[in-house]
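As a plain string of letters, each chain reads:
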Protein chains: 2
Amino acid sequence: MSEVYAARRARLHDQCTAAGSAAALVSRPANVRYLCGTVPSGAVLLLGPVQDVLVAAEVPATPPLSPGPPRADEPRLLVLPGADGDPAVAAADLAAVDGAESLAVEEHDLTVARHRALGAAAPRVRLADLGRAVEQLRLIKDDEEISCMRIAGELADQALGELLESILVGRTERHLALELERRLVDHGADGPAFPTVVAAGPNAGRPGHLPTDRRVEEGDFLTICLGADYRGYRCQVGRTFVIGPSPADWQVELYDAVFAAQRAGREALSPGRAYRDVDRVTRQVLAAAGFGDGLEPCTGHGVGLEIDEDPRLTPSAMGKLDACVPVTVEPGVHLPGRGGVRIDDTLVVRPEADGGPELLTITTKELLAL
Amino acid sequence: MSEVYAARRARLHDQCTAAGSAAALVSRPANVRYLCGTVPSGAVLLLGPVQDVLVAAEVPATPPLSPGPPRADEPRLLVLPGADGDPAVAAADLAAVDGAESLAVEEHDLTVARHRALGAAAPRVRLADLGRAVEQLRLIKDDEEISCMRIAGELADQALGELLESILVGRTERHLALELERRLVDHGADGPAFPTVVAAGPNAGRPGHLPTDRRVEEGDFLTICLGADYRGYRCQVGRTFVIGPSPADWQVELYDAVFAAQRAGREALSPGRAYRDVDRVTRQVLAAAGFGDGLEPCTGHGVGLEIDEDPRLTPSAMGKLDACVPVTVEPGVHLPGRGGVRIDDTLVVRPEADGGPELLTITTKELLAL
C-alpha cells in the first residue's frame, strides 16, 4: 500500500517540477491522506527539495508511520514538540532550511492568518499557489479505491433496504437518520459519509435539509440521502418514497419527471463528455416537465475521499469526464410547503464498450409506497 | 430573541469603530450564528457603513430571516442568484458600493484564495484583520446561553448514565459510541456535540481516539467522552471506568492522580485567575504523582456554540477567567499499550461568593467498576 502513496507523491513531485516549484506543502486533510494514508489530525506533507516530510502535532497511534528511521518509500515523520505549533509553519521553516527558494501552498485551504505565519517563518521563501493539483490527481480512481467505494455503496444500500422493511409512520426524521447511521456501522462502515438526510412531508426534496422532529405521516413524500465511509472512501445514495397505500397523482407526475431527469443524467456519463453537458441534459428534462424553476446549481459531483469533490456537474463547469471518475447524479425538485423528490446515485464513468457507467448504488428507483 | 442578536451586532459595531474600521465581514460559521441566529450554510454577515446585510447562497428554510423588507433590528438578507458565487465576495462588493474605504475580515477563517477574490472584487477597499473580535464577544455567556448548556450537560449525563446500566463487556467501542449518540437524541439533544469517544483497554485515555472495533474486555479501563448539542450550545463530559469486579492497584493509583489533578483544576476556576494558572496547577499534581511526561498541551478550553472555543487553558495562554465563562477541565494520562484515565467536566466560572464554579456535568467521578 505504501508503494501506492509513494507513486502518488512522485506524480505530484513531477507536476511541481514541471510548474517550476522546488517544493510544495499539502495541508488539506483529504489531500494529505491521499498522499500518505491515515495521518494524525492536522498533519501536513512537505514535498521538499531534499526530502518528503510529514509534519504532525501529535504522534500517530498506529503504524506504519512512526518516529524513527524512515523506510525508503515513506516520508520522514516530524512531530512537533509542545503545544500550539502549526505544522504548516514548521514545514515552511524546514523547506527554507533545505534551501527551497519557492514553496507552492494550497491557497484554497490555508487561511490568511496561517499563510502570514508561514511567510514570517520563512521570509526568503517565495510562496506560490499549488492550486487544486492534488484534487486533480484524485479525480481518476484506481481499482482499490473503486473497490472501497463499491463496498461503501453496498453498505448504504443495505442500511436503506433494512429501514424500508420497518415501520416508518410516526417516527421522527431524526430517529430514522440515526437508525440508518447505526445500521451503516453495524454492517461494517467506518461511519456515515455525511449527516444523513431524512426529509418528510413538506421537507421532502429540500436541499440541505437536516433531520428534525417532524414525524412521518401517511401521504408524505419521504426523501432519504445517506452515505457510507469505508476505509476513507465514500459513496452516497438518495431515494424518495411515498408513505401510504398509493401516491397521489401530483406525486406520480413529479416523481416521473425527476426519474426521467436522473436517468438522462446517468446515461450521459461517458468518457469525454463535458461536465456541463451532464448537468444540461438533466435540467432540460425537468424544465420540459414544467419544473425548471428554482433548481439547484449542481446536478452532481465527484466522490472519493470526500463526499463532495471534483468534478462538479454544473452549468459553468469546465472539463470533461474520464473513465474511472466516480460521480453522483442527484437532481431534485422541492415544492415549498408540499414536499419534493430527489433521486441520487453514485456511478463510475466507464467506456461505452465496457457497458457504460457502473452503478454503485442499486436500491430500486421504482416509486415505492410504504 | 432578535433583540439579543441586534445587541451583539451593535457591540461589534462599536468595537470596529473604535478600531478604526468602517465595515466588517464575519464569515466564521459559529460567529455568524452568534450574531444572527440560525442562517443558511455558508452565509456571511456584513456590518456595513450603511447597513447590515446577511449574504447567503441559498434561501433560509425557516423564519425569521426571509427575503423582503427587513425588520428594524434585523440585517437585510441578500441571497445570491445562481450557482457558485462566494457570499464573502458579494459582501465585499456591497461594502465597496456603500462607500467603505476599509473592510475588516476574519483572516483566521478566510482562505488565501477567498481573500484574493475579495480583493479583486473590491480593489479600492483596504482589507484589514478583524482578528478574534467575535470570539472575544462570545467568551462571556448570558443566562439564556448557559441555560442551553445546562440542558446539554443534563442530556450528556443522562445518556451516559443509561449506558452504564447496560452490559458493556463484549461490545465494540464503535457500537457504544453510536448507542450514546442515539440516546442523546432520544432525550432531546439536537445531536452529539462532537464524535463520541469510547476507548477501551490499551486505547483508554488516548487523546483524539476515534472508536474502533475493539471489544470491551474484563480488566479494561474504559474512557468515554461525549457531548450534547442543544440549540447550538454544547457541553461535554468525560469519565473513566474499570470493567470487572475491581480495579488493579496500578489502575487505582493512576485514577487517583488524574482525579486529584482534575479537582485541582476545577478548584482553580475563579474570576481573575489566569488561564495558564489553571493549566499549571493541574499539571503539577500529575507531575508530583509521577505522570508528568507526555501530557497533552491543553488542560481545558471554552465551550459554547463550538465544543472547542476560547479560552484555552494551556501553559502559554494569555488572559484571565471571567465570571460566566464556561470551560472544560479535562486532564488525562495515557500509558501506551496499557490504557489510561481521562476525567472531563464542563463548568461555568462563578464568583467565590456565589459558591464557586457551577458544575454542568454531574455524573459521579468516583471510580466505578462495571
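An unreviewed UniProt entry annotates chain A as Peptidase M24 family protein of Streptomyces antioxidans.

J.: Just give me the short version of the relation of the copies chain B and chain A, but keep the residues and values in it.
T.: Mapping chain B onto chain A is achieved by rotating through 180° and translating by 0.0 Å along the same axis, at an RMSD of 0.0 Å. Here the copies are linked by what is in effect a two-fold axis. Considering only C-alpha atoms, the part of chain B nearest the rotation axis is threonine 111 of chain B, at 1.9 Å. A shared binding surface is used by both copies, with 100% of the interface residues of chain B retained as interface residues in chain A.

J.: Can you explain the packing of helix 1 (residues 2-18) of chain A against helix 2 (residues 29-36) of chain A? Please cite residues and give values.
T.: Residues and elements named next belong to chain A. At a minimum axis distance of 6 Å, the contact between helix 1 and helix 2 shows a crossing angle of 115°. Residues Tyr5, Arg8, Arg9 and Leu12 of helix 1 lie in contact with helix 2, whose contacting residues are Arg33, Tyr34, Leu35 and Cys36. Of the residues assigned to the contact of helix 1 with helix 2, the class counts are five nonpolar, no polar and three charged.

J.: So what about the environment of glutamine 236 of chain B? Which residues, and what values?
T.: Residue and element names in this part refer to chain B. Tracing the sequence through the fold places glutamine 236 in strand 10 (residues 233-242). Separated by 121 residues in sequence, glutamine 236 and histidine 115 have C-alpha atoms that sit 34 Å apart. Excluding residues that lie within four positions of it along the chain, glutamine 236 makes contacts with Phe194, Cys225, Leu226, Gly227, His301, Ile307, Thr328, Glu330, Asp344, Asp345, Thr346 and Thr361. Within the local environment of glutamine 236, its side chain forms a polar contact with the side chain of aspartate 344, the two groups lying 2.6 Å apart.

J.: Tell me about the side chain of aspartate 310 of chain A, and name the residues and values.
T.: Residues and elements named next belong to chain A. Mapping aspartate 310 onto the fold places it in strand 12 (residues 309-313). Looking at aspartate 310, its side chain comes within polar contact range of the side chain of arginine 132, at 3.1 Å. Aspartate 310 has contacts with Arg132, Glu135, Leu139 and Gly302, leaving out every residue within four places of it along the chain.

J.: Describe the state of the cysteines, naming the residues involved and giving the relevant values.
T.: All names here are of chain B. Under the defined criterion, the tally for this structure stands at zero disulfides over all chains. No disulfide involves cysteine 298; its nearest neighbouring cysteine sulfur is the one of cysteine 225, lying 12 Å away. Using a relative accessible area of 16% as the deciding quantity, one classes cysteine 298 as buried.

J.: Which residues make up the side chain of glutamate 181 of chain A, and what values go with them?
T.: Among the structural elements, glutamate 181 of chain A can be located in helix 7 (residues 173-186). Arginine 182 of chain A is the oppositely charged side chain nearest to the buried, salt-bridge-free glutamate 181 of chain A, at an N-O distance of 10 Å. Polar contacts involving the side chain of glutamate 181 of chain A include one to the side chain of threonine 196 of chain A, which spans 2.8 Å. Sequence-distant contacts of glutamate 181 of chain A, defined by excluding residues within four places in its chain, comprise Pro192, Phe194, Pro195 and Thr196 of chain A together with Leu178 of chain B.

J.: Explain the sheet that holds strand 6 (residues 126-129) of chain B residue by residue, including any values.
T.: All names here are of chain B. The mixed open sheet is built from six strands, whose spatial order is 4-3-2-1-5-6. The outermost strands of the open sheet, each flanked by one partner alone, are strand 4 (76-79) and strand 6. Ignoring strand direction, the axes of neighbouring strands in this sheet form an average angle of 25°. Across four bridges, the pairing between strand 5 (residues 102-105) and strand 6 is parallel. Looking at the pairing, valine 105 lines up with aspartate 129 of strand 6. Each of strand 1 (24-26), strand 2 (44-47) and strand 3 (52-56) touches helix 1 (residues 2-18); the most contacted strand, strand 2, lies at about 55° to it. Along the sheet, helix 4 (residues 112-121) makes contact with strand 1, strand 2, strand 5 and strand 6, crossing strand 6 at roughly 145°.

J.: Pulling in residues and values, what's your account of the pairing of strand 5 (residues 102-105) of chain A?
T.: All names here are of chain A. Side chains Ser102 and Ala104 project from strand 5 onto one buried face, and the interleaved Leu103 and Val105 project onto a second face that is buried too. Bridging between strand 1 (residues 23-26) and strand 5 involves three bridges; their strand directions are parallel. Directly across from alanine 24, in strand 5, lies its bridge partner alanine 104. Between strand 5 and its parallel partner strand 6 (residues 126-129), the chain crosses via helix 4 (residues 112-121), and the hand of that crossover is right-handed.

J.: Explain the sheet that holds strand 2 (residues 44-47) of chain A residue by residue, including any values.
T.: Residue and element names in this part refer to chain A. Spatially, six strands are ordered 4-3-2-1-5-6 in an open sheet, and the strand pairing comes out mixed. A strand with exactly one partner marks an edge of an open sheet, and here the two such strands are strand 4 (76-79) and strand 6. The mean angle between the axes of side-by-side strands here comes to 25°, regardless of whether they run parallel or antiparallel. Where strand 1 meets strand 2, three bridges bridge the pair, whose relative direction is antiparallel. Bridged to leucine 25 within strand 2 is leucine 46. The sheet contacts of helix 2 involve strand 1, strand 2 and strand 3 (52-56), and relative to strand 2 the element is tilted by about 60°.

Scoring rules and cut-offs
Residues numbered from 1 in each chain as written. Chains lettered and ligands numbered in written order. Predicted model: local features only at pLDDT ≥ 70, side-chain atom pairs only at ≥ 80, totals over all residues. Heavy atoms only, no water. Least-squares fit on C-alpha atoms with pLDDT ≥ 70 in both. Contact = heavy atoms within 4.5 Å. Axes fitted to C-alpha atoms, helices over the stretch in contact; angles between N-to-C directions. Helix = DSSP H or I, 4+ residues; strand = E, 2+ residues; numbered from the N terminus. Nonpolar A, V, L, I, M, F, W, Y, C, P; charged D, E, K, R; others polar. Polar contact = N/O pair within 3.5 Å; in protein donor to acceptor, adjacent residues only side chain to side chain. Disulfide = S-S within 2.5 Å. Buried < 20%, exposed > 50% of the residue type's maximum accessible area, 1.4 Å probe, protein only. Lys, Arg positive; Asp, Glu negative; His and termini not counted. Salt bridge = Lys/Arg side-chain N within 4 Å of Asp/Glu carboxyl O. Pairing = 2+ DSSP bridges. Right-handed = clockwise from strand over helix to strand, strands pointing away.

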